[in-house]
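Analysis of the macromolecular model
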Amino acid sequence: MKNRISMLWLSSRKRIARNSGVAALILLSLLSARPTVAADALLPMQVLSLDSQISQIERNEGPAAELGIFIGSEPNELRLRKVSLRIDDHEPTIYEYGEAEWNAIATGGLHPALLAPLEPGTHRLRLELFARTLDAGPTDPRAVERLDQAIEIPAGQTLMEITMAQQRFGKSSLGVRQVNGADGSGMWQRAARFWLDADRPYAAARLLTRLQSRGYGSQDGGGLLSESLARLSGQGVSTSIPAASLASFNAAVGGSGDGQNLVALEAIGQQKAKTPADWTMRDHANLLLGYAYLRGGNGPSAIDAFSRVRSPGPYGNAALLGFGWSFLVPESGAPTGTRPMSPAFDGRPVFITAIERRVINKGPDKDRKKALERALVPWTELIGRDPLDIDAQEGALALAWALDQLGTGAQAHTYYERAAKQLELARAQLEEAMAHVGSGRAANAVATGQNDDSSGWRVWLADLPYADDTGYLKYLLADDGFVAVLDQYRSARLLSDELARCEKRLEAVPASEALSSAVQAAMVRAQASEKVSRMAFERRALDLLRARRLQTERYLVEARFAIARHYDSAPPPETELKRGSSSNGDPS
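Residues numbered from 1 in each chain as written. Predicted model: local features only at pLDDT ≥ 70, side-chain atom pairs only at ≥ 80, totals over all residues. Heavy atoms only, no water.

What to know about the overall build of the protein
Regarding its fold elements, the protein presents 19 helices and eight strands. The buried share of the protein, taken over its 588 residues, is 51%. At a minimum sequence separation of 6, the contacts of the protein that also span at least 24 residues come to 75%. Counting only carbon and sulfur atoms, one obtains 52% of the accessible surface of the protein, whose full area is about 26400 Å². (Helix = DSSP H or I, 4+ residues; strand = E, 2+ residues; numbered from the N terminus. Buried < 20%, exposed > 50% of the residue type's maximum accessible area, 1.4 Å probe, protein only. Contact = heavy atoms within 4.5 Å. Areas by Shrake-Rupley, 256 points an atom, 1.4 Å probe, with all protein chains shown as cover.)

Quick notes on unusual backbone geometry
Note: most residues except glycine have negative phi, and most peptide bonds are trans. Of note, the bond from Ser311 into Pro312 is cis; its omega dihedral lies within 30 degrees of zero at 5°. Considering the arrangement of structural elements, one finds Pro312 in the loop between helix H10 (299-307) and helix H11 (316-326). One non-glycine residue, Asp199, lies in positive phi territory at about 60°. Tracing the backbone through its elements, the reader meets Asp199 in the loop between helix H4 (185-197) and helix H5 (201-213).

Some details on the sheet that holds strand E8 (residues 172-180)
Two modes of strand pairing occur in sheets, parallel and antiparallel, and in both the strands are linked by backbone hydrogen bonds. Judged by pairing direction, the sheet is mixed, and its four strands sit side by side in the order E4-E1-E7-E8 without closing on themselves. Two strands in the sheet have a free side with no partner beyond their single neighbour: strand E4 (111-118) and E8. Between one strand axis and the next, the sheet turns by 15° as a mean value, whatever way the strands run. (Pairing = 2+ DSSP bridges. Axes fitted to C-alpha atoms, helices over the stretch in contact; angles between N-to-C directions.)

Considerations on the layout of surface pockets
Estimated volume of the second largest pocket: approximately 1000 Å³. Elements with a contribution of two residues or more to the lining of the second largest pocket: helix H2 (43-61), strand E1 (65-73), strand E3 (93-96), E4, strand E7 (156-166), H4, H5 and helix H18 (480-506). In terms of residue count, E4 provides more of the lining of the second largest pocket than any other element does, six residues in total. Of the residues contributing to the lining of the second largest pocket, the split by class is 17 nonpolar, seven polar and 12 charged. (1 Å grid on protein atoms, 1.4 Å probe; cavity = no way out; pocket = protein on both sides within 12 Å on 5 of 7 lines; lining within 4 Å. Points joined across faces, edges and corners; volume = space filled by probe spheres on them. Nonpolar A, V, L, I, M, F, W, Y, C, P; charged D, E, K, R; others polar.)

Considerations on the sheet that holds E3
Taken in spatial order, the four strands of this open sheet run E3-E2-E5-E6, and their pairing is antiparallel. The open sheet is flanked by E3 and strand E6 (143-153), the only strands paired with a single partner. Sheet twist, expressed as the average angle between the axes of neighbouring strands with direction ignored, equals 15°. Here 11 bridges tie strand E5 (residues 121-133) to E6, and the two strands are oriented antiparallel to one another. Bridged to His123 within E6 is Ile151. On the sheet, helix H3 (residues 99-106) packs against strand E2 (78-87) and E3 and is oriented at approximately 95° with respect to E2.

Examining empty space enclosed by the protein
The rolling of a water-molecule-sized probe over the atoms marks out the regions of remaining empty space. Counted according to the given criterion, the structure contains two cavities of 30 Å³ or more. When its volume is computed, the largest cavity comes out at roughly 80 Å³. Around the largest cavity sit Trp379, Leu382, Ile383, Gly384, Ala392, Gly395, Ala396, Leu399, Tyr415, Arg418, Ala419 and Gln422, which together line it. Secondary-structure elements contributing two or more residues to the lining of the largest cavity are helix H14 (390-405) and helix H15 (410-438). Here the lining of the largest cavity is built from residues that sort into eight nonpolar, three polar and one charged.

What about H3?
Taking burial as the measure, the eight residues of H3 include six buried ones, the bulk of the element. All of the buried residues in H3 are Ala100, Glu101, Trp102, Ala104, Ile105 and Ala106. Buried residues belonging to H3 abut E1, E2, E3, E4 and H4. Downstream of H3 by a residue or two, Gly108 has a phi angle that is positive, lying close to 110°.

A few points about the packing of aromatic side chains
Counted under the stated rule, the structure contains nine aromatic pairs. A ring pair is formed by Phe70 and Trp188, whose centres lie 5.0 Å apart and whose planes are at 85°; its orientation type is edge-to-face. In this pair, Phe70 sits in strand E1 while Trp188 sits in helix H4, placing the two residues 118 residues apart along the sequence. No difference in accessibility class separates Phe70 from Trp188, as the two residues are buried. Here the aromatic cluster, defined as three or more aromatic residues joined through ring pairs, consists of Trp325, Trp379 and Trp401. (Phe/Tyr/Trp six-rings, centres within 6.5 Å; stacked < 30°, edge-to-face > 60°.)

Looking at the pattern of salt bridges
This structure, assessed with the given rule, holds 26 salt bridges. For Arg126, the salt bridge identified is with Asp89, shortest N-O distance 3.6 Å. Placement of Arg126 in strand E5 and of Asp89 in the loop between E2 and E3 is noted, with a sequence separation of 37 residues between them. Here Asp89 falls in the exposed class, since its relative accessible area comes to 69%. Asp543 is paired through a salt bridge with Arg546; the nearest N and O atoms lie 3.4 Å apart. Of this pair, Asp543 and Arg546 both sit in helix H19 (residues 513-568), three residues apart, roughly one helical turn. For Asp543, a relative accessible area of 42% gives the class partly exposed. When its relative accessible area of 40% is taken as the criterion, Arg546 is described as partly exposed. Linked by salt bridges that have partners in common, Arg193, Asp197, Asp199, Glu227 and Arg231 make up one network. (Salt bridge = Lys/Arg side-chain N within 4 Å of Asp/Glu carboxyl O.)

Some words on H2
Over its 19 residues, H2 runs 27 Å from end to end, which matches the ideal 27 Å to within 8%, given 1.5 Å per residue. Where H2 is concerned, the buried positions are Leu43, Pro44, Val47, Leu48, Leu50, Asp51, Ser52, Ile54, Ser55 and Ile57. (Expected span 1.5 Å × (residues − 1).)

Things to note about the confidence of the model for the protein
Residues of the protein with pLDDT of at least 70 account for 74%, and the chain-wide mean is 78. Considering each helix and strand of the protein separately, the mean pLDDT is smallest for helix H12 (residues 350-360), with a value of 42, and largest for H15, with 94. Segment residues 332-363 is flagged for pLDDT under 50; beyond a separation of four residues in sequence, or across chains, it makes 64 contacts in the model. (pLDDT = per-residue confidence, 0-100.)

Focus: the pairing of E3
The side chains of a regular strand alternate between both faces of the sheet. Relative to E3, E2 runs antiparallel, the two being bridged by four bridges. What sits directly across from Ser84, in E3, is Ile94. Here E2 hands over to E3 after five residues, with Asp88 in that stretch at a positive phi of 55°.

Some points on the environment of Asn317
Here Asn317 shows up in helix H11. Here Asn317 falls in the buried class, since its relative accessible area comes to 7%. Note: C-alpha distance between Asn317 and Ala392 (75 residues apart in sequence) is 6.5 Å. Within polar-contact distance, the side chain of Asn317 engages the side chain of Asp389 at 3.4 Å. (Polar contact = N/O pair within 3.5 Å; in protein donor to acceptor, adjacent residues only side chain to side chain.)

So, in structure tokens, the structure goes:
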């Protein structure tokens, strides 16, 4: 083979967990299960202690009664979406549940939607609760339950558990249970469990420390406070994936040979998926399998593995890229080992060298042509996908290269030009991303909403609006080191914001000078911790963006060299590939 595409396989041959979906990226960070180290390990406990002291002053200065309302549902029946609560004519309390919250409720958690000081006596409670069934389609109606009733609140603490249940024929109902504070320890523990399962360890720890200061939960809430503090300091991992599944996956990835146990990965890759986490793990296993088989020269097995990966999906682009290369590996007599092939000394990519040696130079011309034409199909699917995605970039070059190998001449040149434009666009977007990080806007974006008390949707990085200026973040999340510094920064930022709230709360209550000074001293520590972690976050982000820009520029150089070769050589006889009924000019 005369044409060289020196960069085309350099990234692919080392591909292990390339990922273009944020949900899967978060799963990958859970699978790695690496702890992060807080910049100031004692700060969380100090902030929680100060919050508890201020809360006690507020309670002593407020009315003699307190009403707590907890929202739940029957296990695994409904997905709560929104609750609106109003006591008398006060402003309504509204909370929108994200996926983490409705899953936490569906497994038995209780959302502490309201904890309001009230005067003893009769009050009016108005509630609206919205939900969807677990298997609801986009056009299925929501389940809505309303409550409007008078409630008698005695002095002290009164707790109400309001549970939504699914009935026959698409109907639903509300269950209401009212108890006094002394009998409500079970509710509080389920509320702390809710916050933990929703990955809000600070909210869980805050709730439990306030209870301890009031004489409830003196036994550490069944260990929930310790778990909350461990998670808050980065020593615990939040995941809804069963521990056995995580263990089997990690064992498969960390097996013998080249680091992967193919038998174990096959078992995971062919299992039936029931939950989003199951699907992500299955796709990940099949992607690993596909590239392991490619490294071993087993094309048919690679095709089987890649064909089981969802596209579109978090691993779709990487699978489509490998799927195309699988057709260019021998169909029979190939070794089934998993050790990587030796790289070529002339700089050409490993798989192109292997294909040239095993198929293209030795095989009949018709076999070569058939393999190239079959590879065009998955690579064509990558056209028009996100230019920042390395798999889409590589696929654009692979498509043009295959057309060139088929002797299409001008058609191959057209697709090299198209790839060059896509790569130039990616480079410009990466320059903008680096400016976004350098200006501090990225740090503000990833911290947006994590202290929001009205919506669970904005807590998760997966639910950030990945618009043009923040779309690059989902690619940075594939890096475990970035996830570590991101966790550290978000934790420090959360504590700093909580202390700012404490300062505002102190303005409304009589507090000692010592307490005010303690809050101010803690704020100084929190701001210093936030600054250090923010610098680490931005430094890691810039390093990753520079590396992605370098890879993009390498691909761009290859595309431009191919275009130059087209102009420098005499035009060969051309074979135009037709698409049949399609008119957009893309090959098939």
